[in-house]
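# Breakdown of the fold
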Amino acid sequence: MNHLFPSYGLGSGLGVLAFAALLVGCASAPTKQLGESQAAYRAADEVGAGNHPEAAYHLKLAEDQIAAAKELMDGNRREKRMAKRHLQRAELDAELAIAYTRTAGAEERAKAAWHEVNELKKQSGMDDSRVREGMIEGEGQNR
Amino acid sequence: MQRFNIIRSLAPVGLALVLGACASSRPSAMLVEAREAYDEARTGPANKYAPDLVYEARTKREDAERAHQRDPGSDTEEHLAYLAHRRALLAMASADERVAHEESAEARKQFETVLVTQRDEAMSSRSRFQDQFEQERMAREKAEENARKAMASLAEIANVKADEQRITITLSGEVLFKTGSATLLPIAQSRLDRVAEALKSQGEDKSMVVNGHTDARGSDEFNRKLSQRRAEAVRSYLVSRGVREAQIRAVGKGEVEPVADNKTAEGRANNRRVEIIVDNAGGSETGPSGSTPSR
């Protein structure tokens, strides 16, 4: 053995190990990203993203991309990289599904609040702002 | 010539290279979408309500643009453009949520305002009603007090009896008419002036009746007619002094309701009388019936 690496000391040996570890790291499956994307997907599902058309669309995209990533995760380096990209996209789509769900909820609450105002005004003959209800309806629906 | 041929043969290759370069430098559809979404976020409410998210979208877009510069049409460009696009949508969705929250807050504010306005109006209306009620009550009390005083003042010239049902003012026939006559004496008129004032103070909603009574001397028929004429004379005078015509009737009772013994001169004098009855109960019978009413 000694004549094979006659002039290499301990430090050089560690360097080789580190390089090997780097190579392994580059080619490892994106399990951390998978966990993050799946967590985001579950959160979107739990807030009811499936009940709002726009949010449901992005929830489905997230689901599909997580599934696609799982197919690629154990492949070669290029496939692992693709898997990671799928997961990054899935995480953002899941976040977007959450955002759309929250927005839809807030808009529904705003609409209900204006409806109450108009009902109250009607009771006292002050009905002059039905337009506000119309303004709330449909906001955030055309992206 | 050979050189010219070489140039001619290379020309299509050069053209192809140029065209290829142009084609590949075109941004991917995803990058175009990302640019548009970012511009919308930057110029819309997101710029105000979610500036940090707009900034993130810009950073991602710049990453995508650099990838496009480095390697146009590459997977990396496509991927980074996708992330940039979603970041821009996130910024806009977040801003929409904030706008909706503000709308809710504004609605709640308006709700409170309308409630307060309604409550103020109700209180103001109640206050107005209470003021009006109080004024009416005071006016009524004053009128009642005046009526009571006016009636009390009649005690000097007539016998006044009052209960909850009626007020009876009895005037002696001696001071109103000559014996056998239905013409009012001059002294009667000044007394009846005071009676008229007292009656007017009772209010226009009360019905009144003037009952004429005689003693028992003479025939029943004569006495009834005389009492009727006397009652009418008193009624006409009172009406001439402002008592509403529709409010007061005249009835000749004759001799049938004596209040004293007709066998003595004093008793007969008491029986010769005119009673003016004010109905406090509101429109019920103001005296025993049986004689001819007159209006």
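Counting starts from 1 at the beginning of each chain's written sequence and moves along it residue by residue. Key to labels: chains lettered from A, ligands numbered from 1, both in the order written. Reporting of local features is limited, given that this is a predicted model, to residues whose pLDDT is at least 70; pairs of side-chain atoms are given and counted only at 80 or more, and all residues count toward the totals for whole chains, interfaces and linings. Neither water nor hydrogens contribute to the side-chain values; these are computed over all heavy atoms in the structure.

## As for the overall build of chain A
Secondary structure summary: chain A contains five helices and zero strands in total. Secondary structure elements follow DSSP: runs of H or I no shorter than four residues count as helices, runs of E no shorter than two count as strands, and numbering proceeds from the N terminus. Secondary structure elements of chain A, listed N to C terminal, follow the sequence α-α-α-α-α. In chain A, which comprises 143 residues, the share counted as buried stands at 37%. Across chain A, every contact between residues at least 6 apart in sequence was considered, and the portion connecting residues at least 24 apart equals 66%. Calculation of accessible area relied on Shrake-Rupley with a 1.4 Å probe; when residues are assessed, cover is drawn exclusively from the protein chains displayed. Surface accessibility of chain A: about 8,700 Å² in total, with carbon and sulfur atoms responsible for 56%. Only protein chains enter the calculation, and the probe is 1.4 Å; a residue is then buried if its accessible area is under 20% of its type maximum, exposed if over 50%, and partly exposed in between. The contact criterion used is simple: two residues touch if any of their non-hydrogen atoms lie within 4.5 Å.

## A look at the overall build of chain B
Summing up its helical and strand segments, chain B has eight helices and six strands in all. N-terminal to C-terminal, the α/β element order of chain B is α-α-α-α-α-β-β-α-β-α-β-α-β-β. For chain B, the proportion of its 295 residues judged to be buried stands at 38%. Across chain B, contacts joining residues at least 24 apart in sequence account for 73% of those joining residues at least 6 apart.

## Here's the deal with the confidence of the model for chain B
Residue and element names in this part refer to chain B. Every residue is assigned a pLDDT by the predictor, reflecting its confidence on a scale from 0 to 100. With 87% of its residues at a pLDDT of 70 or more, chain B has an overall mean of 86. Scored below 50 in pLDDT, residues 12-23 shows zero contacts in the model against residues more than four places distant or in partner chains. In this model residues 284-295 is a low-confidence stretch, pLDDT under 50, and it forms 38 contacts with partners more than four residues away in sequence or in other chains. With pTM at 0.57, the complex prediction returns an ipTM value of 0.74.

## Let's talk about the nonpolar core
Residues belong to one nonpolar core when they are buried, are Ala, Val, Leu, Ile, Met, Phe, Trp, Tyr or Cys, and are joined through side-chain atoms within 4.5 Å. Counting residues in hydrophobic clusters, the biggest one holds 48 residues, and the most contacted among them are Ala44 of chain A together with Ala46 of chain B. Counting residues per element, the ones that place at least two in this core are helix H2 (31-46), helix H3 (53-72) and helix H4 (77-123) of chain A together with helix H2 (29-43), helix H3 (46-49), helix H4 (51-70) and helix H5 (75-153) of chain B. The element that contributes the greatest number of residues to this core is H5 of chain B, accounting for 13 residues. Counting 31 residues, the second-largest nonpolar core is a separate cluster that includes Met151, Leu171, Leu238 and Val278 of chain B.

## Some details on the interface of chain B and chain A
Interface size, as often reported, equals the accessible area lost upon joining of the parts. Contact residues are listed per partner, giving 27 residues for chain B and 33 residues for chain A. A buried area of about 2,800 Å², summed over both sides, lies between chain B and chain A, and 62% of it is on carbon and sulfur atoms. Salt bridge, as used here: a side-chain nitrogen of Lys or Arg that lies within 4 Å of a carboxyl oxygen of Asp or Glu. One can count three salt bridges joining chain B with chain A. Here Arg86 of chain B makes a salt bridge to Asp93 of chain A, at a shortest N to O gap of 2.5 Å. Under this definition, polar contacts are N or O atom pairs within 3.5 Å; protein pairs additionally need one hydrogen-donor-capable and one acceptor-capable atom, and for neighbouring residues in sequence, both atoms have to be side-chain atoms. Inspection of the chain B/chain A interface yields twelve residue pairs in polar contact (both at pLDDT 80 or more). With 26 residues, H5 of chain B is the single largest residue contributor to the side of chain B that touches chain A. Residues are grouped as follows: Ala, Val, Leu, Ile, Met, Phe, Trp, Tyr, Cys and Pro are nonpolar; Asp, Glu, Lys and Arg are charged; every other residue, Gly included, is polar. Across the side of chain B that touches chain A, the residue classes tally to twelve nonpolar, six polar and nine charged. Accessible area that two parts lose when put together, with a 1.4 Å probe and added across both, is what the buried area reports.

## Focus on the packing of H2 of chain B against H5 of chain B
Between two packed helices, both the angle of their axes relative to each other and the distance between the axes serve to describe the pair. Residue and element names in this part refer to chain B. Every axis in this analysis is a line fitted to C-alpha atoms, fitted for helices over the stretch in contact. Angles between the N-to-C directions lie between 0 and 180 degrees. At a closest axis distance of 8 Å, the pairing of H2 and H5 adopts a crossing angle of 25°. Considering the angle they form, H2 stands roughly parallel to H5. With respect to the hand of their crossing, H2 and H5 are arranged in left-handed fashion. Each of Met30, Leu31, Glu33, Ala34, Ala37, Tyr38, Glu40 and Ala41 in H2 lies in contact with H5, whose residues at this interface are Glu77, Glu78, Ala81, Tyr82, Ala84, His85, Arg86, Ala88, Leu89 and Met92. Grouping the constituent residues of the contact of H2 with H5 by class yields twelve nonpolar, one polar and five charged. Note that the term roughly parallel is reserved for angles under 35 degrees, roughly antiparallel for angles over 145, roughly perpendicular for angles of 65 to 115, and oblique for everything else. Two helices that cross are described as forming a left-handed crossing if the nearer one is turned anticlockwise from the farther one by less than a right angle, and a right-handed crossing if clockwise.

## Section: the packing of aromatic side chains
Residues and elements named next belong to chain B. Only Phe, Tyr and Trp rings are paired, with Trp represented by its six-membered ring, and only when their centres lie within 6.5 Å; those with planes under 30 degrees apart are stacked, over 60 edge-to-face, the remainder tilted. Using the criterion set out here, one finds one aromatic pair over all chains in the structure. Where Phe129 meets Phe133, the ring centres are 6.3 Å apart and the plane angle is 25°; that geometry is what we call stacked. Of the two residues, Phe129 and Phe133 both sit in helix H5, four residues apart, roughly one turn of that helix. Given the relative accessible area of 53%, Phe129 is considered exposed. Lying across the ring of Tyr82, Arg86 places its NZ or CZ 4.1 Å from the centre. Geometrically, a lysine NZ or arginine CZ counts as sitting over a ring once it is within 6 Å of the ring centre and also within 35 degrees of the ring normal.

## Things to note about H3 of chain A
Three- or four-residue spacings in an α-helix give side chains the same orientation, since the helix completes a turn every 3.6 residues. The span one expects for a helix is its residue count, reduced by one, times 1.5 Å. Here H3 of chain A contains 20 residues, and its C-alpha end-to-end distance of 29 Å stays within 8% of the 28 Å for a straight helix at 1.5 Å per residue. Taken residue by residue, H3 of chain A has Glu54, Ala55, His58, Leu59, Leu61, Ala62, Gln65, Ile66, Ala69 and Leu72 of chain A as its buried positions. On an axial view of H3 of chain A, the arc spanned by its buried residues comes to 160°, and they lie on one face. The exposed set on the far side of H3 of chain A, more than 90 degrees from its buried face, consists of Pro53, Tyr57 and Glu71 of chain A. Its buried side turned inward, H3 of chain A meets H2 and H4 of chain A together with H5 of chain B. Taking the helix axis as origin, the arc is that swept by the directions to the C-beta atoms.

## Quick look at the environment of Arg224 of chain B
Relative to the helices and strands, Arg224 of chain B resides in helix H7 (residues 220-240). The spatial distance from the C-alpha of Arg224 of chain B to the C-alpha of Val251 of chain B is 9.3 Å, given a sequence separation of 27 residues.

## Some points on the environment of Ala107 of chain B
Along the chain, Ala107 of chain B turns up in helix H5. Those residues in contact with Ala107 of chain B that sit more than four places away from it in its chain are Ala113, Trp114 and Val117 of chain A.

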